[in-house]
Amino acid sequence: MDDRKKPEFWRSLEELHDTPEFRANAHREFASDVDRRMFLKLLGASVAVAGVSGCEMIADEVLAPYVEQPPEVTPGNPLYFATAVARDGYARGVVVTSHTGRPTKIEGNPMHPASLGATDAVTQAMLLDLYDPDRSQAVARHGNVSTWNAFVAEFNGALALEGGLGLRILTRTVTSPTLSAQLGQLLKKYPGTRWHQYEPVGRDGARQAAQLGFGKNLGVRYRFEKARVIVSLDCDFLFQGPGALRYARDFIDQRQVVDDGRRPASHAMNRLYVVESTPTITGAIADHRLPLRSSAIASFALAFARAAGFEVGQAESAVEKQLREHYGQWLRAMVADLARHRGAGLVLAGDQQPAQVHLLAHALNQHWGNAGAGLPAELTEAVEFRPAGAPASDAESLSQLVTDMRAGKVTTLLILGGNPVYDAPADLHFARALSKVRRSMHQSLYEDETSAACEWHVPASHILESWTDLRAYDGTATVAQPLLVPLYGTHTVHELLAVLQGELAEGDKIVKAHWQSQLSGRAADFETHWRKSLHDGVVAGTALPALNIKLKQGWQRGLKPVEATTGVEIIFRPDPHIGDGAFSNNAWLQELPKPMLKTTWENVVLMSQELATAHGFHDRDLLELRLDSRAVRAPLVIAPGHASNCVTVTLGYGRRRAGRVATGIGYDAYELRSAAQPNFAGGLELGKVSEDYALASTQLQQTMEGRAQVRTGTLSQFLRDPESCVKIDEPHDELRPVSLYPDYPYSLPIARPAYAWGMAVNLNACIGCNACVAACQAENNSPVVGKDEVRRGRQMHWLRVDTYYRGDVRNPEIFFQPVPCMHCEKAPCEVVCPVMATTHSDEGLNEMTYNRCVGTRYCSNNCPYKVRRFNFFQYVDDETEILKARRNPDVSPRTRGVMEKCTYCVQRITAGRILAEREGRQLRDGEVRTACQQACPTEAILFGNINDQKTRVSRLKSSPLNYGLL
């Protein structure tokens, strides 16, 4: 280029950087509606930027065809890799399916203690985040494209010049041994540096209780397989928390009344008492449930401790006395039950409860001999890594950082993950304090609210693109390996910290070097141990040992009184699917119905019928919530079983920079949250804005309400007469239905074995978590349709989980019932199809031939279960190239105008049959597992050959608890 033309060229390039079109498209896939002229402008700018960053270090890897095909690669056959994903910083072991280098499905790792082969809905949906076209794709400075080398040069130069003086690091929860070691090295290199941690929905109460009761931060590992009586104080342990998948499996295993081939029948089921404010999955499963506003649970715990004979060191409060008078029977029953089951009881406190409740839970477990190695409550060293000398409270740590920023003591701030500009308490005004920092950097998957407020933004690699390590709820370490080279110019946090210390190591070398230093004395052959750890997805022998430690003398002095709130109480909870907002741009999770009330695509405010009636509110009213001069507007949903005189709001919505899916959806509940009262607060004012808000909910669409009921019975009824508790209470119930159609034969004269595929759902084990729904969508390329289409009843999920309520609306019984296609033996859909698109296979499947379907929808009209989905529009995105890489190649995406439904994952059946026939044998029991079955944390779904009476599904089918829906 002519030197005389350079200034003019760079001026034009800088002007182009400032155009809205460039900022909207430079970091993502080009939108389909970009015109030709703008495309050429952007292309030219991209070439120029590539020239600017030509000095950037590029990995010397090239894409080339195989000269000799690796023996493990067979085109068309997937590979499987063990790795881990992070949930709130903790590891969940997974096995990821890869088709020719493309990750297409996430499953649980059966060898990992935190998953045992199961997953939850969020883990299933993490795959969509990997291929999200809205992910950040380039280093940016003040919103303009920059380079990795420019960032490194500036920060390394500044740190060397200033000696790290005024350097602050802000992270979320850290369980990575490698990351902790790197942060320790950085703190040692720059002694003036401080490391802060902040988790918007953290475990401050548990951490503070451990400090008060034991003198240091400890972890608690629950052993539900050893607990016969469980008392939960606002703890949703079946759904929330690092150990939820394992806890759900262990808990449900103790509630089996039928031998299913793996879990023996139990005639002494465990018993669960739940005291909670907001209806949860754990409360729905409880044998005894007590709705109580969140601020009163601390007083209830004190009354519980007094009833157990504790001297708590403080006078009985008015609230406590009132609770004792109203719920004395509850308190006496729990105390007596736990006393009868010494060594086999368990008291848990929820993370949103204050330290006092956690401390009392420790004391009660110790009192009844339930705490210790091999007992229901095991204490361990803390799983998470904390800065030395840091406060036990994340909120306090963040407040200290904000105070230093305001005072000008922070010259350089590194924010590694998280989004504090969005999710920090509103009264801290984090963005305002951040503006006083001279030099700031944010590393994250997206250019979000915090990225916009920082000088530098560095795109982070997705967990499936990263070398890292993580610890599970019990301390077990997993080395997470990447499934593919980063799709964009992203870096891991390990690479970022390495270059800031003058190192040029790659992610795999950093992690491997750390473990080599840790295992050098324990493994004779490190390379063999390393490869086994990668293969298994578990580093053997890393689970933390249980400690036999007792509460300190005078622990009662840590019982600070929790003041009762006045007026209407507001309760803050993470959203069941998008959590604190980290997954808000994930369309699968946005459209997935919430477990209890089936709302989608936004957050609502929940309250009891009693409170709504007192204020003259009705379902779907738009309300204004006012607290301490701050206000938000939210649609109302009346929640059966919600505690009175309080409302629940969920976090994670109201995003302003989150990608095209989430921006502008819902309301921002963080605006009402303060640092002093992050979990609940009193004095909320309520007012109605309008009626009949356009809420997207599946609760009143395509359900069985009014046409079916969940039949229930007690354990004693079942033991007396197994048939009695599930008998249909209708006349002529002994008559078998009569049909004009003959039974379908499965002993056909064919060369291969005769299978009859069937499914049994154990409603005693289903917890309604929706993991099955998310797994079905990921496996079968089911599209999302958006809020407006959901409101019209046009959602495309092939499986749903109905929620039923029975009894008093103030505290009803709650039941869950998964409803897939029943694959009827005499299916009413098959006889009405004019083009025979839906037919019956010789293996018992009700099959759909999509390219034959003409969309008459006669089959849907004839289906009593309403489990068929009509593709009204072209819901599948065929224009965004990156999204095509995510799809399961064994399931073709459907176009508009055809009927879709559950296929029992016929592609998996076919793959299993081909392998069995190649080996000259029959399919083994459990060899073919549907996506919903594989994901289920409690193994409530069983699938197999019902022609074989030895299979697990046949055992349940022959059980008195089995019944056909309708």
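Residues numbered from 1 in each chain as written. Predicted model: local features only at pLDDT ≥ 70, side-chain atom pairs only at ≥ 80, totals over all residues. Heavy atoms only, no water.

S.K.: Explain the sheet that holds strand β12 (residues 345–349) to me, and be specific about the residues and the numbers.
M.R.: Strand order across the open sheet formed by 4 strands is β11-β10-β9-β12, with parallel pairing between neighbours. Two strands in the sheet have a free side with no partner beyond their single neighbour: β11 (288–291) and β12. Averaged over all adjacent pairs, the angle separating strand axes in this sheet is 10°, with direction ignored. In terms of strand pairing, strand β10 (residues 271–276) meets β11 through 4 bridges, oriented parallel. Of the residues in β11, the one forming a bridge with Val-275 is Leu-290. Against the sheet, helix α12 (residues 328–340) engages β9 (229–233), β10, β11 and β12, with an angle of about 140° to β10. (Pairing = 2+ DSSP bridges. Helix = DSSP H or I, 4+ residues; strand = E, 2+ residues; numbered from the N terminus. Axes fitted to C-alpha atoms, helices over the stretch in contact; angles between N-to-C directions. Contact = heavy atoms within 4.5 Å.)

S.K.: Outline the side chain of Arg-203, supporting the account with residue identities and numerical values.
M.R.: Mapped onto the fold, Arg-203 is located in the loop between β7 (194–197) and α7 (204–214). By relative accessible area, which is 18% here, Arg-203 ends up buried. Side-chain polar atoms of Arg-203 contact the side chain of Glu-384, separated by 3.3 Å. (Buried < 20%, exposed > 50% of the residue type's maximum accessible area, 1.4 Å probe, protein only. Polar contact = N/O pair within 3.5 Å; in protein donor to acceptor, adjacent residues only side chain to side chain.)

S.K.: Hey, could you go over the pattern of salt bridges for me, with residue numbers and the actual values?
M.R.: Oppositely charged side chains can pair when the atoms bearing their charge come close. Counted by the stated rule, this structure contains 56 salt bridges. A salt bridge links Arg-172 to Glu-199, with the shortest nitrogen-to-oxygen separation between them at 2.4 Å. Of this pair, Arg-172 sits in the loop between β6 (167–171) and α6 (177–189) while Glu-199 sits in the loop between β7 and α7; the two residues are 27 residues apart in sequence, bridging distant segments of the chain. For Glu-199, a relative accessible area of 6% corresponds to the buried category. Where salt bridges share partners, they join Arg-203, Asp-204, Arg-207, Glu-384, Arg-386 and Asp-394 into one cluster. (Salt bridge = Lys/Arg side-chain N within 4 Å of Asp/Glu carboxyl O.)

S.K.: Explain the pairing of strand β2 (residues 90–99) to me, and be specific about the residues and the numbers.
M.R.: Successive residues of a regular strand alternate their side chains across the two faces of the sheet. Burial within β2 is extensive, with 10 of its 10 residues counted as buried. The alternating pattern of β2 places Tyr-90, Arg-92, Val-94, Val-96 and Ser-98 and Ala-91, Gly-93, Val-95, Thr-97 and His-99 on opposite faces, both of which are buried. Alignment of strand β1 (residues 79–87) against β2, held across 9 bridges, turns out to be antiparallel. Within the sheet, the bridge partner assigned to Phe-81 lies in β2 and is Val-96. In this antiparallel pair of consecutive strands, β1 and β2, the connection spans 2 residues, and Asp-88 shows a positive phi of 55°. One ladder, built from 6 bridges, connects β2 with strand β3 (residues 102–108); its direction is antiparallel.

S.K.: A description of the environment of Gln-699 should follow, citing residues and the corresponding values.
M.R.: Relative to the helices and strands, Gln-699 is located in the loop between β24 (680–690) and α23 (715–720). Taking C-alpha positions, Gln-699 is 9.2 Å from Met-596, a pair spaced 103 residues apart along the chain. In contact with Gln-699, not counting residues within four places along its chain, are Met-596, Leu-597, Lys-598, Thr-803 and Tyr-805.

S.K.: Tell me what's going on with the sheet that holds β3, and back it up with residues and numbers.
M.R.: Taken together, 3 strands build an open sheet; the order of strands is β1-β2-β3 and the sheet is antiparallel. Each of the sheet's edge strands pairs with one partner strand only, and the pair in question is β1 and β3. Ignoring strand direction, the axes of neighbouring strands in this sheet form an average angle of 40°. Those strands touched by helix α4 (residues 121–130) are β1, β2 and β3, and its axis lies near 165° from that of β3.

S.K.: With reference to specific residues and values, describe helix α28 (residues 906–918).
M.R.: The terminal C-alpha atoms of α28 lie 18 Å apart, and with 13 residues this matches the ideal 18 Å at 1.5 Å per residue to within 8%. On its buried face, α28 is in contact with β3, β25 (757–761), α24 (771–779), α29 (931–935) and β32 (941–945). Remark: Gly-920 follows α28 within two positions and exhibits a positive phi of approximately 65°. (Expected span 1.5 Å × (residues − 1).)

S.K.: Report on the pairing of β7, specifying residues and quantitative values.
M.R.: By the bridge criterion, 4 bridges tie β6 to β7 in an arrangement that is parallel. By the bridge assignment for β7, Leu-170 is matched with His-196. Crossover handedness for the path β6 to α6 to β7: right-handed. (Right-handed = clockwise from strand over helix to strand, strands pointing away.)

S.K.: Provide a residue-level description of the side chain of Ser-299, including the pertinent values.
M.R.: You can see Ser-299 is positioned in helix α10 (residues 297–307). The class of Ser-299 is buried, set by a relative accessible area of 7%. Each residue touching Ser-299, except ones within four places of it in the same chain, is listed here: Ser-317, Val-319, Glu-320 and Leu-323.

S.K.: I'd love a proper account of helix α8 (residues 244–253), names of residues and values included.
M.R.: α8 sits mainly inside the fold: 9 of its 10 residues count as buried. Of the positions making up α8, those classed as buried are Ala-244, Leu-245, Tyr-247, Ala-248, Arg-249, Asp-250, Phe-251, Ile-252 and Asp-253. Packed against the buried residues of α8 are β2, β8 (218–222), β9, β10 and α9 (281–285).

Just geometry here; none of it tells us what the structure is for.
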